Every structure is written in C-alpha cells, then in structure tokens.
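Chain and residue survey
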Amino acid sequence: MTRYIVVRLLDAIPTVLLVLTLVFIAMRILPGDPAVAALGDFATPEQREAFREKMGLNAPLWQQYLTFVVNSLTLDFGASMMNGRDVLGLIAYNLPYTIELTIASVLLGVLIGVPFGVWAATNPNRAPDSAMRGFSLIGYAVPDFYLGALLLIVFSLNLGWFPINGGGEGFLDRMHHVFLPALTLAFIKAAFLGRLTRTALLEVLGRDYIRTARAKGAREPRVIYRHGLRNALLPLTTGLGLTTLTALSGSVAIELVFNRPGLGKLLISAIAERDYAVIQGGIVVFALFVVAINLAMDLAYVLVDPRIRVS
Amino acid sequence: MTASIDPALQPLAAQPSAFATLRRVIFDRPATIFALVVVILFILVAALAPLIAPYDPLAQSILDVNKPPSAAHPIGTDQFGRDILSRLVFGSRNSLIFGFVSPVLAAIIGTFLGVIAGYFGGLVDRIISRVIDLLLAFPELLLAILIAAVLGGGFWNVVAVLTVAFTPGFARVARASTLAVKQEPYIEAAVAVGLRTPMIILRHVVPNIAAPIVVLTTLWIASAIRLEASLSFLGIGTQPPNPSWGNIIRDGLNNLFGSPWPIIGAGALITLVVLAFNLLGDAVRDALDPEASR
C-alpha cells in the first residue's frame, strides 16, 4: 500500500511539470505577442516594450520557462496589472469561496443522487426507475448557468428567501449564500451520480453473494447497503472524483450567475480586463487543483478497495 | 439497459445492416422520434433563420424596451428593445455551426493522433498518451475556459477551443481501437503482401475503427452546443451583439429586473436541443456500437 501511495505521489511531479509546460506554451507562444494580447491593438510600441520588460518577455525563452516554472511552484504570480494588488493575495481571498461552493455542491449532489440511484436500482423498470431516467436526461441537458438563473429568479428575486449576490460574512451567512449556487450544481451532479449508483448497484445486486445474503435471511436494507452498495463503491469513487472536477469547472459560471466571489469570477473578470498576470495565476491554480483532485481520487481508492492495500 | 443476448443464441444469417439497425433503433422508441423531430426543426430554423425571424436580431428600439411577451413580440424584448424570438432564431445558427464543426474537427485530429500512437507505439505513443491522459484529467468545460482565457473570444478561437477540448477523448478511443485492430489477421496479411503503411492505415485500420468514432462524434454534438453556450455566457465565446443562446442569457442576467424572458427562452431552447441530441446520440450508439451501451 505504501508503495502504491508513494508511486502515485511521485507520479504527480512530472504531471505538474507537464501541466506547467502546456500552460507556458499556451500563454507565451499561441497568442502571438503577449504584449498585444494583454494591451490590445491600440497600445503604443513604448507601452508594449515596457510591458515586455516588466513581464520578463525579453529574456530567452528557456529562461522565461524556468522563471515561470519556479514562480508557479512558489506561487509567485506577480502583481495585477489593473490595481497592482498581489495576485496570490487575490487568489487567496477568492479561493475559499470556490472551495466552499465545490464541496457543498458535491455533498448535496451525493445526498440527493445516491439515495435516488438506490431507489431506482431496487425498483428496476418501475416508476422510481423511470423517474431516475427522466431526472438524468434533464440533468444531462440543462446548462448549469440556466438552472442557476431560474433558481435565482424564483427563490431570490420573487420569493426573497435567498440573497441575490455576494459571498456572505460569518459561517451562517455564508451557508445562506452558498445554498442556492450549490443546489444548482448539485442537481446536475445528482443526475450523474444517481445514474451511476443505479447502474453499479444493479450489477452488484445480480451477484451470487447477494443471493446468499438474502438466503441466509438478511433484511433487505442490510442486503442493499451492507452487501450491495459497499461493493458498488469503486465506480462511485471514480464518479465522485469526476463530480468534484465538474463541480469545480461549473463553479465558474455559477459564480457569475450568483455574483459570488471566487476563483472563476476572478479569472473571468481578468479575461475581460486583459489582466495578464491574474489570468496566468488563475490558470495555474485551476490546473494544479485538477491535478490535486485526481491525485486525491487515486488515493481514495486505497480506502475503498482493500485489494490495493494488500498488494 | 436491456439484458444482452447471448451471441450464441443469435442466428448467424440474421446480421442486420447498420442502416437497418439504425432505422429500428430510431423508430422503436418514441423518445428518439421526438428527438429526431426536434433536431430536424432545429436545423430547419437555423438554415432558414432570415425567413423565420420576424425582426432583425440586431435592430434596437427605444420604444420597445423590456416588453413582456405579446402578439408583436412572442417572447418579449430585451433591454435594447431587440426582439427575443428573432435573436433566439438567429442564435440557433451559432449552436448548429459549433455543434457540428468542433466535434467533426476533433474527430479528424483525434483519430489521426490516436491511430498514429496506437499503430506505431514506442516513444510517439508514450508522448501522445501522456498528453492525452493529462488533458483528459480536465473536464472539457474547464479545459475550454482555460484555453479561451488565453485565446479570447471570436468565431475561430471558439472553434479552436472546443476542438482542443474534444480531441483527447477521440484520440484515446482511436488509440484503443487501433491497438485492437492491429492484432487482426487482415493487418498481418496486408503487411505480408507488401502494402505500404499509410495505405494499411487508411484502407484497413481507419474503416474498422470508424464505428466508435462516429458514435462519439454524435454524442459530442450535444456537449459542443452546451459548451459553446457556456463560453458565450462567460463572455469568452460568441461576442455581442451577435446573438448566441449563451450570450442572450448573459445579457438577460444583466437585465434581471427588466425581463426574465430572454433567460427563460434561451435556456429552454438549449436544454431542449441538447436533450434531443443526447437521445439521438444514444440511439446511434445503440445501433452502431451495441457493446458500449448500458
């Protein structure tokens, strides 16, 4: 088991380097002259030259690459070009809101999706199963930002139950602010997790040991949860990792809909203002998060699948 | 969904053609017929937009700002007095173009990369596979957002962004299928008779991995439409004033107190069209690639 964990951790190192290399290629080479991309077509040559000097774009490419990798790994992203604030400070301020939203939506998604999936799997081809199918069809089709806007119109604007914007102050207020955005993402995650639970559980429930459990007189809830769901945990763990990743990417649009602070909001405003330093920092942090979530998913297998622990 | 039939029980002679299977899959399920009708309507509306739209989608009118639905404006007007219905009708063109162009481009590039990696193996395979695995670790939407952050909006940039976001998936499927096909005796035979490698790939590998690629392409039309809407909503896709279903919702959100109708209308259309393409994609998958369906 230790070997598995060490291998996975070591494997993350080249992954992070590859991610940073791709980001570097994308930021420095693809858009042509970053000075034009950042300052727009109407900047004077002097302004562009000053920008290049400031961002270290006049150095040889390999030197730029090394600086970029070292700065990224030490989380040194420089200062915002709009307001001069430290990019790391901006990220540190916004990050908790995004993490809060991601975790809340995954939790809500599991709470809604898994029981729904169990209900569908234990009633195959009957009403609950059809309800699950309809729910997942809608969940796969409805864009999260549209659902968010509808919930905002109904529950914040018309009924006034939830705040219209902001992230909130203090624990309870923050929970109040995060509920509707998290519910939006959770609805879509629940469609995916519910369907996954149904498929995984249906397959397990057909196995011999389930028949054995029933034959020896185990009660149905015990059969389902103790013998069934436990053995369906492996695909669910993969599903949970994917859910966390898509919740992270979904948070970008949701933060915009609910006008919440967050990493996505920061990145999108930086794009609108062509704030090169913030864009670069935001992309790197998002990318590192994806690597971290994937790593966490790999490590979670150790907890779920005893076979890995033994080998 | 249905229990798979033991292949040994199936009569050998009754292997229906792919086309016949497709026809059966479509017309056996009411949901697929519904999806087909929606998709055909969607394509017709997009193609005939100038004939269908009652107004110019860009024409502003100060007198008609934020009107609720009425006989003159069936879905009302926005904060600039533009007719929502006309904007939605023209917006469908965007969704149609992006929905088809990006998956097809990604299928071509991804298949190329996947076949090269799978057929030749070695260092090329290791490099391509590593990058594919890495990109696949990112959800398509996040990948698209991060690339769009660098490139910015605009038509060709959005095409590029969506294509890059979809290519890794195709490459992985193409690579896996190529590895399987490469073991087949007919490839060995082709090598033995001295056929040149590019010919082997074009004539014997690509046609035999086509089914999963076609299935993936249809399944991703829906994703492409949704992704383009998301990017336009975020302001890094189709740029205003050109209407796209995503940026109509974006405009609507800035005018939330004026009128909710642009949001409701555009979002309902995205949902409906994505739902239809999802159902159709499922049907195509069941017809061409029965093993992949569950």
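All of these numbers come straight from a predicted model, not from anything done at the bench.

Along the backbone of chain B there are eleven helices and zero strands. Along the chain direction, N to C, the helices and strands of chain B fall in the order α-α-α-α-α-α-α-α-α-α-α. Summarising its shape, the C-alpha atoms of chain B cover approximately 75 × 45 × 30 Å along the three principal directions. Put simply, 71% of the contacts in chain B that link residues at least 6 apart link residues at least 24 apart. When the 18 basic and 17 acidic side-chain charges of chain B are each reduced to a single mean position, those positions are 4 Å apart.

Scanning chain A from N- to C-terminus turns up 14 helices and zero strands. For chain A, the sequential pattern of α-helices and β-strands runs α-α-α-α-α-α-α-α-α-α-α-α-α-α. The 311 residues of chain A split such that 49% are buried. Taking the intrachain contacts of chain A between residues at least 6 apart in sequence as the baseline, contacts between residues at least 24 apart amount to 72%. Summed over its atoms, the accessible surface of chain A is roughly 14,800 Å², and 66% of this surface lies on carbon and sulfur atoms.

On to the packing of helix H6 (residues 127-141) of chain A against helix H11 (residues 261-288) of chain B. Relative to each other, H6 of chain A and H11 of chain B sit at 115°, their axes nearing to 8 Å. For H6 of chain A against H11 of chain B, the interelement crossing comes out right-handed. Judged by residue contacts, Arg133, Leu137, Tyr140 and Ala141 of chain A of H6 of chain A engage Thr271, Val274, Leu275, Asn278 and Leu279 of chain B from H11 of chain B. Its residues assigned to classes, the contact of H6 of chain A with H11 of chain B comprises six nonpolar, two polar and one charged.

By a widely used convention, the size of an interface equals the accessible area lost when the partners come together. With 45 residues of chain A at the interface, the matching set in chain B holds 37 residues. For the chain A face of the interface with chain B, the top three residues by lost area are Ala141, Phe145 and Tyr146 of chain A, together amounting to 16%. One can count one salt bridge joining chain A with chain B. We note a salt bridge from Arg130 of chain B to Asp11 of chain A, for which the minimum N-O separation is 3.8 Å. Applying the counting criterion to the chain A and chain B interface returns five residue pairs in polar contact (both at pLDDT 80 or more).

With that settled, consider a positive patch on the surface. A grouping of Lys216, Arg222, Arg226 and Arg230 of chain A is seen on the molecular surface, where their side chains present a positively charged patch. Mapping Arg230 of chain A onto the fold places it in helix H10 (residues 220-231).

Turning next to the domain arrangement of chain A. Residue and element names in this part refer to chain A. One can read the domain layout of chain A as domain 1 (2-73) and domain 2 (94-309). One C-alpha centre belongs to domain 1, the other to domain 2, and the line joining them spans 32 Å. Domain 1 puts 21 residues into the contact, and the matching count from domain 2 is 15 residues. Around 1,600 Å² of area is buried between domain 1 and domain 2 when both sides are counted, 79% of it from carbon and sulfur atoms. Where domain 1 packs against domain 2, one counts one salt bridge. Between Asp298 and Arg8 there is a salt bridge, with its nearest N and O atoms 3.6 Å apart. On the surface where domain 1 and domain 2 come into contact, there are zero residue pairs in polar contact (both at pLDDT 80 or more).

Our focus in this paragraph is the nonpolar core. Of all hydrophobic cores here, the largest spans 133 residues; its most connected members are Leu267 and Ile283 of chain A together with Leu231, Phe233 and Leu234 of chain B. Considering every element that reaches this core, the biggest residue donor is helix H9 (residues 197-234) of chain B, with 16 residues. The contact partners of Leu231 of chain B, leaving out residues within four places of it in the chain, are Ala144, Ile145, Ala148, Val158, Val161, Leu162, Ile236 and Gly237 of chain B. Of all hydrophobic cores here, the second largest spans 16 residues; its members include Ala121, Ala200, Ile224 and Ala232 of chain A.

All names here are of chain B. Where nonpolar side chains cluster on the molecular surface, the patch consists of Ile97, Val101, Val104, Leu105, Ile108, Ile109, Phe155 and Trp156 and spans about 710 Å² of accessible area. Taken together, the elements giving at least two residues each to the nonpolar patch come down to helix H4 (84-120) and helix H7 (155-182). At six residues, H4 tops the list of elements feeding residues into the nonpolar patch. Considering the arrangement of structural elements, one finds Leu105 in helix H4. With relative accessibility at 34%, the residue Leu105 sits in the partly exposed group.

With an omega dihedral of 10°, the bond running from Pro240 of chain B to Pro241 of chain B counts as a cis peptide bond. Here Pro241 of chain B is to be found in the loop between H9 and helix H10 (245-254). The backbone of Asn125 of chain A shows a phi angle near 60°, a positive value even though the residue is not glycine. Topologically, Asn125 of chain A is positioned in the loop between helix H5 (87-121) and H6. In this model, Asn259 of chain A sits at a positive phi of 50°, which is unusual for a non-glycine residue. Among the structural elements, Asn259 of chain A can be located in the loop between helix H11 (233-257) and helix H12 (263-273).

The subject of this paragraph is the packing of aromatic side chains. Applying the stated criterion across every chain yields a total of 17 aromatic pairs over all chains. Ring geometry for Phe42 of chain B versus Trp245 of chain B: centroids 5.8 Å apart, planes at 55°, classification tilted. Highlighted residues: Phe42 of chain B in helix H2 (residues 30-47) and Trp245 of chain B in helix H10, separated in sequence by 203 residues. On the basis of relative accessibility, which here comes to 2%, the residue Trp245 of chain B falls in the buried class. An aromatic cluster of three or more residues is present, and its members are Phe116, Trp119, Phe135 and Phe187 of chain A. In this structure, Arg174 of chain A is placed above the aromatic ring of Tyr97 of chain A, and the distance from its NZ or CZ to the ring centre is 4.4 Å. For Lys182 of chain B, the ring lying beneath its charged end belongs to Tyr119 of chain B, and the centroid distance is 5.7 Å.

What counts, and at which threshold
- The written sequence of each chain sets the order in which its residues are numbered from 1.
- To read the labels, note that chains go from A and ligands from 1, taken in the order they are written.
- Thresholds applied to this predicted model are a pLDDT of at least 70 for local features of residues and 80 or more for the giving and counting of side-chain atom pairs; totals over whole chains, interfaces and linings are not thresholded and use all residues.
- The basis for the side-chain values is all heavy atoms of the structure; hydrogens and waters are excluded.
- Here a strand is any run of E in DSSP of at least two residues, a helix any run of H or I of at least four, and the numbering for each starts at the N terminus.
- Between two residues, a contact is recorded if the distance between any of their heavy atoms is within 4.5 Å.
- Counted charges follow a simple rule, with Lys and Arg positive, Asp and Glu negative, and His plus the chain ends left uncounted.
- Charged groups are reduced to one reference atom each: NZ for lysine, CZ for arginine, CG for aspartic acid, CD for glutamic acid.
- Using a 1.4 Å probe on the protein chains alone, a residue whose accessible area is under 20% of its type maximum counts as buried, one over 50% counts as exposed, and one in between counts as partly exposed.
- All accessibility values rest on the Shrake-Rupley procedure with a 1.4 Å probe; residue burial counts only the protein chains present in the view.
- Every axis in this analysis is a line fitted to C-alpha atoms, fitted for helices over the stretch in contact. Angles between the N-to-C directions lie between 0 and 180 degrees.
- Crossing handedness follows the turn of the near helix against the far one: under a right angle anticlockwise gives a left-handed crossing, and clockwise gives a right-handed one.
- Classes in brief: Ala, Val, Leu, Ile, Met, Phe, Trp, Tyr, Cys and Pro nonpolar; Asp, Glu, Lys and Arg charged; the others, Gly included, polar.
- When two components associate, each loses some accessible surface as probed by a 1.4 Å sphere; the sum of these losses over both components is called the buried area.
- What counts as a salt bridge is simple: a side-chain nitrogen of Lys or Arg found within 4 Å of a carboxyl oxygen of Asp or Glu.
- What qualifies as a polar contact is a pair of N or O atoms within 3.5 Å, subject to a donor-acceptor requirement within protein and to the restriction that residues adjacent in sequence count only when both atoms come from side chains.
- Patch membership requires more than 30% relative accessible area and the absence of a salt bridge. Residues of like charge join within 9 Å; the nonpolar side chains Val, Leu, Ile, Met, Phe, Trp and Tyr join within 5 Å.
- Domain extents, as shown, originate in an automatic or database domain assignment.
- Nonpolar cores are built from buried Ala, Val, Leu, Ile, Met, Phe, Trp, Tyr and Cys residues. Side-chain atoms within 4.5 Å join them into one set.
- Pairing of aromatic side chains requires ring centres within 6.5 Å, counting the rings of Phe and Tyr and the six-membered ring of Trp. Pairs whose planes differ by under 30 degrees are stacked, by over 60 edge-to-face, and all others tilted.
- By definition here, charges over rings are those cases where NZ of Lys or CZ of Arg is within 6 Å of the ring centre and within 35 degrees of the ring normal.

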